Amino acid sequence: MAPDPFYVTTPIYYVNDIPHIGHSYTTIAADVLARYHRLAGRTVHFLTGTDEHGTKIERAAAANNETPIELADRVVKRSRSLWEHLEITHDDFIRTTQPRHERVVQDVFNRLHESGDLYLDQYEGWYCASCENFLADDELAEGNCPDCGKKAEWAAEETYYFRMSAYEDRLLEHLREHPEFVRPEARLNEIRSRVEAGLRDVSVTRTSITWGVPLPFDEKHVIYVWIDALLNYISALGYPDGDLFRAFWPADVHLIGKDIIWFHCVIWPCVLMALDVPLPKTVFAHGWWTHNGEKMSKSKGNFVDPVATTDAYGVDPYRYFLLRSMPFGQDGDFSESALVGRYNNDLGNDLGNLLYRTLTMIEKYNDGSVPEPVDLPAGSSCVDATTGLREVAAGVAAAGGFHSQMADIQFSRALESAWELVRRANQYVEETRPWDLARSDDRVGELSTVLYSLAEALRIISLYLWPFMPAKIDEMRRQLGLEPVDSKRVLLGAAAEWGGLEPGTRVCKGEPLFPKIEEVPE
Ligand code: MSP
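Residues numbered from 1 in each chain as written. Predicted model: local features only at pLDDT ≥ 70, side-chain atom pairs only at ≥ 80, totals over all residues. Heavy atoms only, no water.

## Some thoughts on the pairing of strand β11 (residues 253-257)
Then step 1. Along β11, five of the five residues are buried, which leaves the element largely enclosed by surrounding structure.
Then step 2. Looking at chain direction, strand β1 (residues 5-14) and β11 are connected through two bridges and run parallel. Note that in β11 the partner of threonine 9 across the bridge is histidine 254.
Then step 3. As judged from the five bridges shared by β11 and strand β12 (residues 282-286), these two strands associate in the parallel manner. Across the sheet, the residue bridging to histidine 254 is valine 283, located in β12. (Buried < 20%, exposed > 50% of the residue type's maximum accessible area, 1.4 Å probe, protein only. Helix = DSSP H or I, 4+ residues; strand = E, 2+ residues; numbered from the N terminus. Pairing = 2+ DSSP bridges.)

Here's what the structure looks like:
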């Protein structure tokens, strides 16, 4: 076992197209969790990757006059560079075409075959190539896939079925005993009622395509892409006996979008039960983004492009906006005007200004070095304000504050909690009026305490915000005269307590962290 392991995963993305805002959302959320837990001293394993087999990829490649692997190689290159650009710190990147993955997939199918969980039969029914999903007659919406709206195709082929129906009772029991298995709660209820309606066996091999992992004991079949894909979460750890598997399984959290909960919250746990492998602790399904109020689609050509958006507004504001906009689990709308609004208000006016005015005052009133705080004289007008500021800082760290929200995977609430300190510190400036204190010689002690407290509040804020905006926060720390956050050092906990800042630290004011952006019309 790694000390205090934390294993977080994203879905592995199809390689038919380069990632858009939706994919970047999950990946950024996973990155924030990974950075946060590393900072809190846990041993983190963060996995992302690509889903490269199946009809959808086979057809996308053919349409491009490429082989599927050529297409995959090309898109993987773009995806990797996008993740680097977005400051994603995954520990591993799995591709389902890698031998290390295919080996595990075949091994799993041998096991399922031996345990009697598979049987050969005929599949006749509908298939959605876009979702790679088998659909029952009563699931179709006027001949179309109920999820993506594309035309369903008739499929008739020999297939191996997985006896998923045999796991219905065990799955229901698991949902009852571990309600945290599916989050948020609305998704748990949805899954529970669908499972209660009855589980059918699921087709897990295909004979009508060739682009997939061959079934080891019957080579005219390839393995159904969804089972192949789900297994990435354990193949990347070297299931069944790899060191990483021993150290990190079961996963702490699979982050996914709400459209793929059936695969993750029903099919996946049933497969794991059949293998006698413990289930992941939590599958968290986030909501979907629309763009200016509209669903994004290829036909409309209205996908938000993470590269163009971050070129215009910066990577960290984009990361911040995605996680701050709505509670994790709910749907949200992306618009440039909303992004600019948050940028100017939260980042520019609240955070950026706090830093700028604090550093300006430290330079002006104390020659650029953080002063030594003093015990405030009784009767000083700064006593209550300073106590208040310190109480807010303690409140952010206390139960119900930032850490509770992060443990609960509620990014927007965690940020709100950190922002209480940002706002309180700005208010503190107004209340203590350092420019007045600076005018009288006998208030030097109070001025020192006020300036120290502001710089200290900013140091503490930097620790909370770093997982969300690593580059901007490292720059903020540089201006504060602090080292960049080194995620190998445990900086949360005791280090985030009041008083950690060394008096005498030399600050170095730079350009405003978040210069104002022209408002974008609605
Ligand atoms: N390959 C499968 C996942 C296999 S995991 C074992 C897949 N890939 S995907 O590339 O189509 O989508 C990946 C993720 O992107 C899904 O979680 C999906 O919810 C998410 N999103 C796609 N469009 C989205 C939005 N508009 N908004 C938010 N997330 C969205 O599914």
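## Let's talk about the packing of helix α12 (residues 315-324) against helix α13 (residues 336-366)
Then step 1. Across the interface, α12 lies against α13 with an axial gap of 10 Å and an inter-helix angle of 100°. In terms of axis orientation, α12 runs roughly perpendicular to α13. Residues Pro317, Tyr320, Phe321 and Arg324 of α12 lie in contact with α13, whose contacting residues are Ala338, Leu339, Arg342, Tyr343, Asp346 and Leu347. (Axes fitted to C-alpha atoms, helices over the stretch in contact; angles between N-to-C directions. Parallel < 35°, antiparallel > 145°, perpendicular 65-115°, else oblique. Contact = heavy atoms within 4.5 Å.)

## Quick word on the site of the ligand
Then step 1. The immediate surroundings of the ligand are formed by 23 residues, with Ile12, Asp51, Gly257, Asp259 and Trp289 found nearest.
Then step 2. Within the side chain of aspartate 51, one N or O atom sits 2.7 Å away from a nitrogen atom of the ligand.
Then step 3. Between tryptophan 288 and the ligand, the recorded distance is 3.1 Å, taken from a side-chain N or O atom to an oxygen atom.
Then step 4. For the ligand, whose free accessible area comes to 670 Å², the fraction covered by protein is 93%. (Near = heavy atom within 4 Å. Polar contact = N/O pair within 3.5 Å; in protein donor to acceptor, adjacent residues only side chain to side chain. Areas by Shrake-Rupley, 256 points an atom, 1.4 Å probe, with all protein chains shown as cover.)

## Notes on the domain arrangement of the protein
Then step 1. If you check the domain split of the protein, you get domain 1 (5-287) and domain 2 (335-496).
Then step 2. Here the C-alpha centre of domain 2 lies 43 Å away from the C-alpha centre of domain 1.
Then step 3. Facing 14 residues of domain 1, the contacting portion of domain 2 comprises 20 residues.
Then step 4. Together, the buried faces of domain 1 and domain 2 total about 1500 Å²; carbon and sulfur atoms form 71% of this surface.
Then step 5. When residues of domain 1 are sorted by the area they lose upon contact with domain 2, Arg35, Tyr36 and Leu39 head the list and together hold 45% of the total.
Then step 6. The partner of aspartate 408 in a salt bridge is arginine 183, and the shortest N-O contact between them spans 3.2 Å.
Then step 7. Here domain 1 and domain 2 share three residue pairs in polar contact (both at pLDDT 80 or more) between them.
Then step 8. Among the secondary structure elements, those contributing two or more residues to the side of domain 1 that touches domain 2 are α1 (21-39) and β11.
Then step 9. The element contributing the most residues to the side of domain 1 that touches domain 2 is α1, with seven residues. (Domains from an automatic or database assignment. Buried area = accessible area lost by both parts, 1.4 Å probe. Salt bridge = Lys/Arg side-chain N within 4 Å of Asp/Glu carboxyl O.)

## Notes on the pairing of β1
Then step 1. Of all 10 residues in β1, 10 are buried; the element is thus mostly enclosed.
Then step 2. Both β1 and strand β2 (residues 43-51) contribute to a ladder of eight bridges, which runs parallel. Of the residues in β2, the one forming a bridge with threonine 9 is leucine 47.
Then step 3. The β-α-β motif built from β1, the intervening α1 and the parallel element β2 has right-handed crossover chirality. (Right-handed = clockwise from strand over helix to strand, strands pointing away.)

## Examining helix α16 (residues 411-432)
Then step 1. Over its 22 residues, α16 runs 32 Å from end to end, which matches the ideal 32 Å to within 8%, given 1.5 Å per residue.
Then step 2. Just downstream of α16, arginine 433 is the residue with a positive phi angle, here 45°. (Expected span 1.5 Å × (residues − 1).)

## Things to note about the sheet that holds strand β5 (residues 133-135)
Then step 1. Overall, antiparallel pairing links the four strands, which are arranged β5-β4-β6-β8 in an open sheet. Either end of the sheet is taken by a strand with one partner, and the two such strands are β5 and β8 (202-203).
Then step 2. Strand direction decides the pairing type here: strand β4 (residues 118-128) and β5, joined by three bridges, are antiparallel. Residue pairing in the sheet places tyrosine 127 in a bridge with phenylalanine 134 of β5.

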